[in-house]
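What follows is the residue order along each chain.
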Amino acid sequence: MCEVRQIGLVALGNFRRWRRNPRIFLVFCLGFVVCFLLSDKVLTFAGEHDTILQIMEPFIWTFGDANSILVLSLLLMLLFADMPNLGNEVPFYLVRINRKIWILGQAVYLVGATFLFVSFTFLSTCMLAGNRSYTANLWSETAAILGYSGIGSKIAVPAFVKVLELSFPYRCTLHIYGLMLGYALLMASLILYLNLWNKKMGMVGGMIFSGFGFLLNPQFIANLLHLPKEQMRLAHIAFGWLSPLNHATYYMHNFGYDNLPKLWVSYLFFISGSLVFLGLSLKKIKTYSFEFTGTRK
């Protein structure tokens with residue numbers, strides 16, 4: 001119990017650094033702006049056609065898309081750019097606790113901060129829906145028009161028919177939230193591990209991680225290589241399995257009649273990857289050289 005308390009105190013110490021930190025304020029402000037800009041297509045469409053929305057649909061149709069998740073991941077890179085935090089309190093922590101406890105505290109902070117940011121994103125999109133929404137667990141008329149008429153694909157809103165027919169808003173929201181959280185945790189744990197080697201490597205690694213997902217987007221590859229439909233189908237399946245970003249995209253999963261990964265496979269992929277990088281961080285912390293002003297440990 002003593003070790004659990006120490007881990008919690010280390011994590012809490014990191015959260016206390018959020019006070020009066022302009023970078024944290026900027027990240028959350030930009031997060032709200034991103035939610036506003038990305039969900040505007042759905043909200044504008046509903047306004048123009050005088051229809052209402054299920055309150056979670058702006059979140060579903062915004063962050064059910066890989067490009068939106070990619071934009072959000074860039075903000076998370078800014079949030080975790082200084083991991084692990086080496087504030088003035090860290091030398092005092094290291095006098096009383098060992099390195100393993102300290103890095104586990106960093107990991108708990110990483111999980112908590114990611115959860116708060118993704119939750120903030122979800123609540124922002126719900127708030128933007130405003131009085132043009134309802135809370136029943138049923139798809140709205142707006143979703144039906146976007147999905148069945150094909151207008152959604154024309155305005156880049158991922159209102160796919162298979163999502164409408166095989167899921168409900170609450171269940172769909174839960175999975176999109178979980179996939180976003182898993183993707184964000186995997187990237188954040190990678191940044192933490194690389195920063196233990198070199199403070200600049202974390203941001204570089206995060207950019208490569210995000211860029212890898214973007215390059216393995218089936219539509220991007222199809223446009224670049226001018227693939228025929230049959231090869232496009234194979235590329236869609238292959239990249240659905242290989243790309244972390246596609247694992248985080250809800251409609252890029254097996255709903256019973258295709259060869260894409262199932263949802264539990266993606267959850268297992270994100271959890272396993274995060275635990276691997278956490279294990280590597282625990283190993284690396286044994287030889288990590290702490291550098292503070294005027295001292296070296």
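Residues numbered from 1 in each chain as written. Predicted model: local features only at pLDDT ≥ 70, side-chain atom pairs only at ≥ 80, totals over all residues. Heavy atoms only, no water.

*Asks:* What is the right way to look at empty space enclosed by the protein in this model?
*Replies:* One water molecule sets the probe size; rolling that probe over the atoms shows where empty space is left. Considering all chains together, one arrives at two cavities of 30 Å³ or more under this definition. In this structure, the largest cavity is lined by Ile-69, Leu-72, Ser-73, Leu-76, Val-118, Met-180, Tyr-183 and Ala-184. Element by element, the count of residues in the lining of the largest cavity is highest for helix H4 (residues 66-79), at four residues. Considered class by class, the residues forming the lining of the largest cavity number seven nonpolar, one polar and no charged. (1 Å grid on protein atoms, 1.4 Å probe; cavity = no way out; pocket = protein on both sides within 12 Å on 5 of 7 lines; lining within 4 Å. Points joined across faces, edges and corners; volume = space filled by probe spheres on them. Helix = DSSP H or I, 4+ residues; strand = E, 2+ residues; numbered from the N terminus. Nonpolar A, V, L, I, M, F, W, Y, C, P; charged D, E, K, R; others polar.)

*Asks:* Sorry, what's going on with the packing of H4 against helix H6 (residues 99-129) here?
*Replies:* If you want to describe how two helices pack, look at the angle between their axes and the distance between the axes. It is at 12 Å that the axes of H4 and H6 come closest, and there the two elements cross at 140°. With respect to each other, H4 and H6 are oriented oblique. Both H4 and H6 take part in a crossing whose hand is right-handed. For the pair formed by H4 and H6, the contact residues are Leu-72, Leu-75, Leu-76 and Leu-79 on the first element and Ala-113, Phe-117 and Thr-121 on the second. A per-class count over the contact of H4 with H6 returns six nonpolar, one polar and no charged. (Axes fitted to C-alpha atoms, helices over the stretch in contact; angles between N-to-C directions. Parallel < 35°, antiparallel > 145°, perpendicular 65-115°, else oblique. Left-handed = near helix turned anticlockwise from the far one by under 90°. Contact = heavy atoms within 4.5 Å.)

*Asks:* I tried to follow helix H11 (residues 201-215) on my own but got confused; where do I start?
*Replies:* In an α-helix, one turn spans 3.6 residues, which is why side chains three or four residues apart end up on the same side. For H11, with 15 residues, the first-to-last C-alpha span of 21 Å sits near the 21 Å given by 1.5 Å per residue. Those residues of H11 not exposed but buried are Gly-202, Gly-205, Gly-206, Phe-209, Ser-210 and Gly-213. For H11, the angular spread of buried residues about the axis comes to 130°, placing them on one side. As for H11, its buried residues are in contact with H4, helix H10 (169-197) and helix H14 (244-247). (Expected span 1.5 Å × (residues − 1). Buried < 20%, exposed > 50% of the residue type's maximum accessible area, 1.4 Å probe, protein only. Arc of directions from axis to C-beta.)

*Asks:* What should I look at first to understand the packing of aromatic side chains in this one?
*Replies:* Here a ring pair, both rings aromatic, is described through the centre-centre distance and the interplanar angle of the planes. Summed over all chains, the structure comprises 16 aromatic pairs. Considering the side-chain rings of Phe-15 and Trp-18, the 5.2 Å spacing of their centres and the 65° angle between planes classify their relative orientation as edge-to-face. Phe-15 gets classed as partly exposed once you look at its relative accessible area, which sits at 23%. Taken together, Phe-15, Trp-18, Phe-28, Phe-80, Tyr-109, Phe-117 and Phe-120 form an aromatic cluster joined through their ring pairs. Between Lys-284 and the ring centre of Trp-197, over which it is positioned, the NZ or CZ distance is 3.7 Å. (Phe/Tyr/Trp six-rings, centres within 6.5 Å; stacked < 30°, edge-to-face > 60°. Lys NZ or Arg CZ within 6 Å of the ring centre and 35° of its normal.)

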